[in-house]
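Structural overview
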Amino acid sequence: MELQLLNTLRDHNPIVFNIANFVTVQDVANGLNALGASPIMSAEVQEAETMVQIAGAVCINLGTLTTTQIDQIRVVGKLANQYHKPVVLDPVAVGAVPYRKKVALELLADFQVDVIRGNAGEIAALAGMDWQAKGIDAGSGQGDLVEIAQACAQQFQCCVILSGPTDVITDGQRVVKVANGTPLFQRHVGSGDLLSSIVAAFAAVSPTDVYQAAQVACLVLAGAGELVASQLTADRPATFAIDLIDRLSLVTVPEIQTIAQIN
Ligand SMILES: Nc1ncnc2c1ncn2[C@@H]1O[C@H](COP(=O)(O)OP(=O)(O)OP(=O)(O)O)[C@@H](O)[C@H]1O
Ligand SMILES: Cc1ncsc1CCO
Ligand SMILES: [Mg+2]
């Protein structure tokens, strides 16, 4: 895995244009900034073309969608394709809310995304596979996570990250698993939103190989979280979230390499 991409990202400080949700927007902005990217959030369709032009990549999060935002997303997605800017889609809660699934499928038919990043419930829903999602959480199911991720990637001709205790990253054929992380990620709302935006940041510095970018993003975030958790003496979700921001800014390639659990 090209972990040096972390240093490339810090050297280039790419602009990441986020259509964020209003729950976790500040965590996402601060997480990207700490890592070494330059976040910008916009909800205005009139400035969509400028946003896409100045950005290295776009992250579209469906977490708190509105009809106005869906119209903006459609315009932004098409512009990103036109300007060849990588697009990451975070299909928040499509496994639990049929309206969201319908919207996500319509958007996926309107423009090409490079990476879909969701939990098991979300990726299974998009792939049309059986799963019991629970709100924004992954929920439970019987299916094979690799098969579900591959089916989703093949259906939408893109890379898929199915995140969870082990992140499954696939381009539809090839598969890499990242087993790093900590259960504390699930105790902080928005860990997945941050991962999706970090994927966009790495895609901005690796636009010709977003599969590689997706892998590095998963390892860097999960690795940073694992390092934070190893220093915490108790179950402290708030402290974890704060320390994660610090760790994203301090973590080095050798530190991540030492703990990497990839297969
Ligand atoms: N039990 C766990 N052990 C280790 N790492 C985890 C665990 N659960 C989640 N993670 C990590 O948390 C990050 C976010 O993934 P997750 O699947 O929880 O996203 P999500 O469900 O979309 O979260 P949110 O809706 O809060 O944004 C990933 O980096 C993943 O590796
Ligand atoms: C809690 C919540 N509700 C809509 S989006 C969001 C943040 C996790 O994506
Ligand atoms: Mg999520």
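Residues numbered from 1 in each chain as written. Chains lettered and ligands numbered in written order. Predicted model: local features only at pLDDT ≥ 70, side-chain atom pairs only at ≥ 80, totals over all residues. Heavy atoms only, no water.

The name that an unreviewed UniProt entry assigns to the protein chain is Hydroxyethylthiazole kinase, with the source organism given as Lactiplantibacillus paraplantarum. The UniProt entry for the protein chain carries the following comment under Function (unreviewed entry): "Catalyzes the phosphorylation of the hydroxyl group of 4-methyl-5-beta-hydroxyethylthiazole (THZ)." (UniProt positions renumbered as here; feature names shortened; annotations may be inferred.)

Using the residue numbers shown here, the UniProt feature "binding site: ATP" (unreviewed entry) corresponds to Arg 117 and Ser 163. The largest pairwise C-alpha distance within this set of annotated residues, which runs over 47 residues, is 7.2 Å, so the set is compact in three dimensions. Structurally, Arg 117 can be placed in strand β5 (residues 115–119). Accessibility expressed as a relative area gives 4% for Arg 117, which makes it buried. Those residues within four positions of Arg 117 in sequence are excluded, and the remaining contacts are Leu 89, Asp 90, Pro 91, Ile 123, Ile 161, Ser 163, Gly 192, Asp 193, Leu 195 and Ser 196. Here the side chain of Arg 117 touches Ser 163 through a polar contact of 2.7 Å, side chain to side chain. Relative to the helices and strands, Ser 163 resides in strand β8 (residues 159–163). Relative accessible area serves as the criterion here: at 12%, Ser 163 is assigned to the buried category. If sequence neighbours within four positions are ignored, Ser 163 has contacts with Arg 117, Gly 118, Asn 119, Ala 120 and Leu 195. (Helix = DSSP H or I, 4+ residues; strand = E, 2+ residues; numbered from the N terminus. Buried < 20%, exposed > 50% of the residue type's maximum accessible area, 1.4 Å probe, protein only. Contact = heavy atoms within 4.5 Å. Polar contact = N/O pair within 3.5 Å; in protein donor to acceptor, adjacent residues only side chain to side chain.)

So, about the site of ligand 2. In the vicinity of ligand 2, the contacting residues are Asn 21, Val 23, Thr 24, Gly 63, Val 92, Ile 136, Val 189 and Asp 193. Here Asp 193 contributes a side-chain N or O atom positioned 2.9 Å from an oxygen atom of ligand 2. In the complex, 79% of the free accessible area of ligand 2, which totals 280 Å², lies under the protein chains. Of the residues assigned to the shell around ligand 2, the class counts are 4 nonpolar, 3 polar and 1 charged. (Near = heavy atom within 4 Å. Areas by Shrake-Rupley, 256 points an atom, 1.4 Å probe, with all protein chains shown as cover. Nonpolar A, V, L, I, M, F, W, Y, C, P; charged D, E, K, R; others polar.)

For the rest of this paragraph, the subject is the environment of Leu 145. Structurally, Leu 145 is set in helix α7 (residues 145–156). Classification of Leu 145 as partly exposed rests on a relative accessible area of 31%. Excluding residues within four positions of it along the chain, Leu 145 makes contact with Ala 120, Trp 131, Leu 162 and Val 168.

Counted by the stated rule, this structure contains 7 salt bridges. Residue Asp 110 pairs with Arg 74 through a salt bridge whose shortest N-O separation is 2.5 Å. In this pair, Asp 110 is assigned in helix α5 (residues 98–110) and Arg 74 in helix α4 (residues 67–82), connecting sequence segments 36 residues apart. Of the charged contacts in the structure, one is a salt bridge between Lys 102 and Glu 106, with a shortest N-O distance of 3.4 Å. Of the two residues, Lys 102 and Glu 106 both sit in helix α5, 4 residues apart, roughly one turn of that helix. (Salt bridge = Lys/Arg side-chain N within 4 Å of Asp/Glu carboxyl O.)

Further remarks concern the sheet that holds strand β4 (residues 87–90). A sheet is described by the order of its strands in space; here 8 strands give the open sequence β2-β1-β3-β4-β5-β8-β9-β10, paired in mixed fashion. Lying at the two open borders of the sheet, with one neighbouring strand each, are β2 (38–41) and β10 (175–178). Ignoring which end each strand starts from, the neighbouring axes of this sheet average 20° apart. In this structure, strand β9 (residues 167–170) lies alongside β10, joined through 4 bridges in antiparallel fashion. Residue pairing across strands places Thr 170 opposite Val 175, the latter belonging to β10. Set on the sheet, helix α8 (residues 191–204) makes contact with β1 (15–19), β3 (57–61), β4, β5 and β8; between it and β3 the angle comes to about 160°. Here helix α9 (residues 210–229) sits on the sheet in contact with β5, β8, β9 and β10, set at roughly 10° to β10. (Pairing = 2+ DSSP bridges. Axes fitted to C-alpha atoms, helices over the stretch in contact; angles between N-to-C directions.)

Moving on: α7. Across its 12 residues, α7 extends 17 Å between first and last C-alpha, which sits within 8% of the 16 Å expected from 1.5 Å per residue. Inspection of α7 places Val 146, Ile 148, Ala 149, Gln 150, Cys 152, Ala 153 and Phe 156 among the buried residues, and these make up the whole buried set. If you follow the buried residues of α7, they end up packed against α5, β5, α6 (120–127), β8, β9 and β10. Its side-chain oxygen at 3.0 Å from the backbone nitrogen of Val 146, Asp 144 defines the N-terminal cap of α7. Looking one or two residues past α7, Gln 157 carries a phi angle of roughly 50°, positive in sign. (Expected span 1.5 Å × (residues − 1).)

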